[in-house]
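Structural description and commentary
The chain contents come next:
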Amino acid sequence: MSDTVPPLEGTQARIREEYFEHDSGLFVLDCKPGFGKSTTLNEIAAETLVRADAAGEQCPEQQLCVVSFSREDAASIEPGIKDALDAFAADTTGTYPVDISVQTARRLKRRLQLTDQIGTIDSVLRSIFEDIAAELGFDGMPSVGNTSQLSLLRQQCMASIRTDESYARQCQRLDAAYPPEDDADGDRLHGLLENARAKKRDRRLSTAEFESRLRATIDDVYPNGPPQTRADLLADISAFYSDAVAAEFEQTLPADQTTTSEAVLNDQDCYQEWHSCVDDFCTLLDAYERAYDDACRKQGVVSHADIAYWIAEYFDRTLTDVTGASQQTAEAYRDRVQRRYATKFQSLIIDEAQDISIAQHDALAPFVSEQTRVLMAGDVDQCIYVWRNARPEQFGTAFDGGEYFGTNWSVHHSYSGSQTYRMRPDIATAVDTIFGDVFTDLSRGGGETVTATTEYTPLNARRSASADPAVHVAAYSRPADPPGTPDWFEAEQTPLANYLAGGIADGTLDVNTDGDDTITVLFSRRLNMDALEAQLSSRGLSVVNASAHLFENPLVTLICRVVWWLVDPYDPERTREFIHSECLPLSAESTALFKDVEYRIDEISERIESEGRTATEDGFIAGLETLAHRRGRQTADPAEVFVEKIIETLCLRADPLDQNNAPDQRLAACDALLSLIADWESDDRYTVEELAKILEGYVQNPTDGIVLPVSNPEQYDVIFRTIHNMKGDEDDVVCVADLSGSITYYGPQNETFLAFGETLALAPPETVSRTDLTPSDQGPTQQNYGSLRWASDVWIDGQIAGAPSLSDVSQRYCAEQWRLLYVALSRARDHLVISLPSQCYHTDPNDAWSATIADALSTDQSPSRGQYEIPALYTKHQDTLTVGINDVTFPKETTDQTNQPTPRSAQPPADNKAGWTSRYINGTSLYQLTSNTDKSTLPHIMGRRPEINTVGSTATEMDLPAGSSQNSWELSRTEF
């Protein structure tokens, strides 16, 4: 039996057996964290290949499609299937249900590399779109997913709307209704239109349907129309909030009830103006959407969401109704494409199915019929991408009723899996004790709107228990300031750093710093990562941020700036701006040198040679001159090659300007940038100006780009990740930090446009009163009740106040926040560390993670440090749970940095950690590296050309092509 591919058992084995008993049908697996969902799907996919191969199919891989939602999860699918094939071949005891030879396993693994039907849903849809792009009016396959280029395109679309006189009145009125925010950059109206376009497209709504939903929200907020009397207004306040709030508001109205009060008149005005804004907004949205589609076709760029939308439209609608479809489009061609991909989808396996959007679902549906065999697995309790259009209700419908892909499946089997092979029993019990209440509490978004079943299903831990506590609380004194302020985390960061350092040092957390063990610290947001990193580093721990964005990296920022400069390197003003850029850390002497030559790059080399200067800066400056000189010859190169030459010419992988002392991270950053650029560029190549604009867009908005990969995470003591980034992963020791903020702080009440589930809403205009209600004491934060006619974050009688549709949006937002916490706490295998204040700021568990956890773990009854027991709830496997609180030996406080231990990342790596960062190398370099590794490695990393040793006439017995002589062959090799 393979150590990495365990045989399926229990529910895993039952769904596999049911799946292979049928040639078609819908099979749904709802399973808990650590169930082995991916392992189950990969083994079933491998067996599907084996069975098809045994049945005589020449291309078995062409009948199987395996997809997942995220890139991280999808990256493990093909390796997982290959591991399963190897395990089948190595099995000599009948552990697995199939028996194949090593040769068959190798052949099937090679065939896997020939298919494009394994990966993310987006990647599979991209392959389909390539076949129909021309039918939809595109000149070939467009560039996909270049967020910065799309941003520029959208700005151009908005500019065309603003300069069109026929839309001037609508733009003027909406700019007044939704004026620019004080702390925000850019065009607010453009942001609203683009957000609305994306949400409308994902729901596949026409403009009329979209407008109807906006008006339905207004009707819900004004259930009886605009108020005619103060009694009408007070009735709405009572219905949406409470009688007490209505009574408070009534005290602010004039005593004279014979005339219509100003509040009623203002509310009537709000109703009328709100409808007018919807009129104008939908008019502009229709024009903006048409401009966007035209620009996408002309510039040859689309988003992944666009691809899903267009595929769904093309295969689902009459061709004459598909906007932009080619006049030559034929039904026969569409039918051929549909049949071809239906064949490839004979067996369709979907991981993380709860995260699929409507557009993705509808884009896959044309290729699925009752003759397809569909296996989908997910967990709606772990759905944390509703904000990115995930629709977990679809998964629930498939699980309960067997309806999916527009088909009521006659063969339908659903299974629930509660086993977890990840967590120690104490961790599973802690998760149950916390979430048994949360996931069944309607006030926290529980019940049928969140889970596939109406009752909480406890985790069934399959690992053995440990003698010492596996659940730990790192407690800190509650500061006076509220959560979310700098002072709050300042009070948390030092005790937490002490706890982690102490837990490593005294062995409480079972972290072996001489091995590959790490601690993963999870944050809901990146806001306080730097502060905790500084604290941990000061205690001798090496830290890496695995959630850092690529375009925040100083080296990548510098490369982008060099591209900008190369647009016109001989322009002295551009060179001056470049040399004084924050991302270019030249010395004062070098900066002065450029000033002396009036920033003329062609005059800089002689000055360098005449003055004694540091080699690294001299080499960098000389490289700039070389790039400027070669600029004209390199503009025809693909963008990836152009940027690669910048990196090589300036020796940036060797860090000549001392920007990053981690070689593996420098290599990873360069390689990730080059790979990303290669993915952007289609048949049409970027000009230098176009590439510079695109890169500058990412530098200005790094969150639009990808996360910087960490090539050697095992070399660090502590890894920082966001909870979203950790989805689908695990670690032996997981710490969850920064838990004390209000979960409604970033809620819908702050938004101007809302799209959650079936609800779409544009906020009332800011030029009229939204009927702000009287402030009231809501505890230490002194919240007020907000606006009557918009979303709220105020809890009254166990639910968020407001009109039903808006209250539902707020509840759904909160439900996703609780699911996010569930994902965080369920990542740990051996130890779970939770950072909590000794006294919670929030008294209402509905509003804060920390309050709910503290209540469930009874921290108010715990000692200040040590261990304590609490009743184990919602589990049948143990009666009590032992929790450690501040149960480590804290390090002594010191300000003497000379006595701090050496971080692991600064120590020589162990032999088993050595390895290459994957990147392109040419044949000459490969020969030198393999024949004389010690001598050639450093020059290769430094970007120096290796010495090429030509071989003499020792290969006289080589078989040469007819007509070739040995002398001519040796000569050609020497010249090369």
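Residues numbered from 1 in each chain as written. Predicted model: local features only at pLDDT ≥ 70, side-chain atom pairs only at ≥ 80, totals over all residues. Heavy atoms only, no water.

Per an unreviewed UniProt entry, the protein goes by UvrD-helicase domain-containing protein and derives from Halovenus salina.

1. Structural notes on the sheet that holds strand S6 (residues 347-350)
The strands that make up a sheet are held in pairs by hydrogen bonds between backbone atoms, and each pair lies either parallel or antiparallel. With parallel pairing, six strands are arranged side by side in an open sheet as S3-S2-S6-S7-S1-S10. The open sheet is flanked by strand S3 (118-120) and strand S10 (412-417), the only strands paired with a single partner. Between one strand axis and the next, the sheet turns by 15° as a mean value, whatever way the strands run. Where strand S2 (residues 64-68) lies against S3, three bridges are found, and the strand directions are parallel. Residue pairing for S3: Ser68 is matched across the bridge by Thr120. Docked against the sheet, helix H6 (residues 121-132) engages S2 and S3, running at close to 110° with respect to S3. (Pairing = 2+ DSSP bridges. Helix = DSSP H or I, 4+ residues; strand = E, 2+ residues; numbered from the N terminus. Axes fitted to C-alpha atoms, helices over the stretch in contact; angles between N-to-C directions. Contact = heavy atoms within 4.5 Å.)

2. Regarding unusual backbone geometry
Positive phi outside glycine occurs at Phe405, with the angle close to 55°. One can find Phe405 in the loop between strand S8 (403-404) and strand S9 (407-408). The backbone of Asn886 shows a phi angle near 50°, a positive value even though the residue is not glycine.

3. Some points on the pairing of strand S17 (residues 731-736)
Burial analysis of S17 places five of its six residues in the buried class, the great majority of the element. By the bridge criterion, four bridges tie strand S14 (residues 519-523) to S17 in an arrangement that is parallel. When the bridges of S17 are listed, Val521 appears paired with Cys735. Of the strand pairs in this sheet, S17 and strand S22 (residues 828-837) are connected by five bridges, and their pairing is parallel. (Buried < 20%, exposed > 50% of the residue type's maximum accessible area, 1.4 Å probe, protein only.)

4. Brief notes about the packing of H6 against helix H15 (residues 331-344)
Taken N-terminus to C-terminus, the directions of H6 and H15 make an angle of 155°; their axes are 11 Å apart at the nearest point. The angle between H6 and H15 places the two elements in the roughly antiparallel class. Note on packing geometry: the crossing formed by H6 with H15 is right-handed. Contacts from Ser127, Ile128, Asp131 and Ile132 in H6 reach Tyr333, Val337, Arg340 and Tyr341 in H15. Of the residues assigned to the contact of H6 with H15, the class counts are five nonpolar, one polar and two charged. (Parallel < 35°, antiparallel > 145°, perpendicular 65-115°, else oblique. Left-handed = near helix turned anticlockwise from the far one by under 90°. Nonpolar A, V, L, I, M, F, W, Y, C, P; charged D, E, K, R; others polar.)

5. Considering the packing of aromatic side chains
Tallied over the full model, the rule gives 29 aromatic pairs. An angle of 75° between the planes, with centres 5.0 Å apart, marks the rings of Tyr222 and Tyr271 as edge-to-face. Taken together, the residues span a long stretch of sequence, with Tyr222 in the loop between helix H10 (207-221) and helix H11 (230-240) and Tyr271 in helix H13 (residues 262-299) at a distance of 49 residues. Each member of the pair, Tyr222 as well as Tyr271, is classed as buried. On the numbers, 5.0 Å between centres and 80° between planes, the contact of Phe435 with Tyr822 is edge-to-face. Of this pair, Phe435 sits in helix H18 (residues 425-438) while Tyr822 sits in helix H30 (residues 804-825), and the two are 387 residues apart along the sequence. With a relative accessible area of 0%, Phe435 lands in the buried category. Look at Tyr822 and you get buried, because its relative accessible area is 0%. (Phe/Tyr/Trp six-rings, centres within 6.5 Å; stacked < 30°, edge-to-face > 60°.)

6. Structural notes on the pairing of strand S19 (residues 759-762)
What you see with S19 is no split at all: Thr759 and Ala761 on one side and Leu760 and Leu762 on the other are buried throughout. Direction of pairing for strand S18 (residues 753-756) relative to S19: antiparallel, over a ladder of four bridges. Paired with Ala755 across the strands is Leu760, a residue of S19. Taking the residues that link successive antiparallel strands as the turn, the S18-S19 hairpin has two residues, and the phi of Gly757 there is positive, at about 60°.

7. Details of the confidence of the model for the protein
Mean pLDDT over the protein works out to 87, with 86% of the residues at or above the 70 mark. Highest mean pLDDT in the protein belongs to H10 (98); lowest belongs to helix H34 (residues 966-975) (38). In the predicted structure, residues 610-615 sits below a pLDDT of 50 and forms seven contacts with residues beyond four places in sequence or in another chain. (pLDDT = per-residue confidence, 0-100.)

8. Section: the UniProt feature "binding site: ATP" (unreviewed entry) in the protein
Within this structure's numbering, the places UniProt gives as "binding site: ATP" (unreviewed entry) are Cys31, Lys32, Pro33, Gly34, Phe35, Gly36, Lys37 and Ser38. Taking relative accessible area as the criterion, Cys31 reaches 1% and is therefore assigned buried. Discounting chain neighbours no more than four positions away, the residues touching Cys31 are Lys37, Gly378, Asp379, Gln382 and Gly417. Topologically, Lys32 is positioned in the loop between strand S1 (25-31) and helix H2 (37-54). Looking at Lys32, the relative accessible area reads 9%, which means it is buried. Once you skip the residues sitting within four places of it in the chain, Lys32 turns out to touch Asp379, Asp381, Gln382, Gly417, Ser418, Thr457, Leu459 and Tyr822. (UniProt positions renumbered as here; feature names shortened; annotations may be inferred.)

9. Some details on the packing of helix H21 (residues 554-565) against helix H27 (residues 663-680)
Interaxial distance between H21 and H27 falls to 9 Å at its minimum, and their mutual angle equals 45°. Classified by the angle their axes make, H21 and H27 are oblique. For H21 against H27, the interelement crossing comes out right-handed. Counted together, Leu555, Val556 and Ile559 of H21 and Arg666, Ala669, Cys670 and Leu673 of H27 form the full contact between these two elements.

10. Points about the sheet that holds strand S13 (residues 471-476)
Within the open sheet, the eight strands sit side by side as S15-S16-S14-S17-S22-S13-S24-S23. Their pairing is mixed. Two strands in the sheet have a free side with no partner beyond their single neighbour: strand S15 (543-545) and strand S23 (866-871). The average undirected angle you get between the axes of adjacent strands in this sheet is 25°. Where H18 meets the sheet, it contacts S13, S22, S23 and strand S24 (880-885), and its direction lies at approximately 45° from that of S22.

11. Focus: the nonpolar core
Of all hydrophobic cores here, the largest spans 167 residues; its most connected members are Phe129, Ile311 and Phe435. Top element by residues in this core is H13. It accounts for 17 residues. Apart from residues no more than four positions distant in its own chain, Ile311 is found in contact with Leu125, Ile128, Phe129, Ile132, Ala363 and Phe367. Grouped together as the second largest cluster of nonpolar side chains are 52 residues, Leu558, Cys560, Leu584 and Ile694 included. (Core = buried A, V, L, I, M, F, W, Y, C linked by side-chain atoms within 4.5 Å.)

12. Quick notes on the pattern of salt bridges
Opposite charge on two side chains permits them to pair, given that their charged atoms come into close proximity. On inspection of all chains with the given rule, the structure shows 54 salt bridges. A salt bridge links Glu766 to Arg188; the nearest nitrogen and oxygen atoms lie 2.7 Å apart. Residue Glu766 is located in the loop between S19 and strand S20 (795-796), and its partner Arg188 is located in helix H9 (residues 188-202); the two are separated by 578 residues in the primary sequence. For Arg188, a relative accessible area of 14% translates into the label buried. Across the pair Asp279 and Arg215 runs a salt bridge, and its minimum N-O distance is 2.1 Å. Of this pair, Asp279 sits in helix H13 while Arg215 sits in helix H10, placing them 64 residues apart in sequence. Owing to a relative accessible area of 37%, Asp279 belongs among the partly exposed residues under this scheme. The network of salt bridges with common partners includes Arg213, Arg391, Glu393, Glu758, Asp808 and Arg812. (Salt bridge = Lys/Arg side-chain N within 4 Å of Asp/Glu carboxyl O.)

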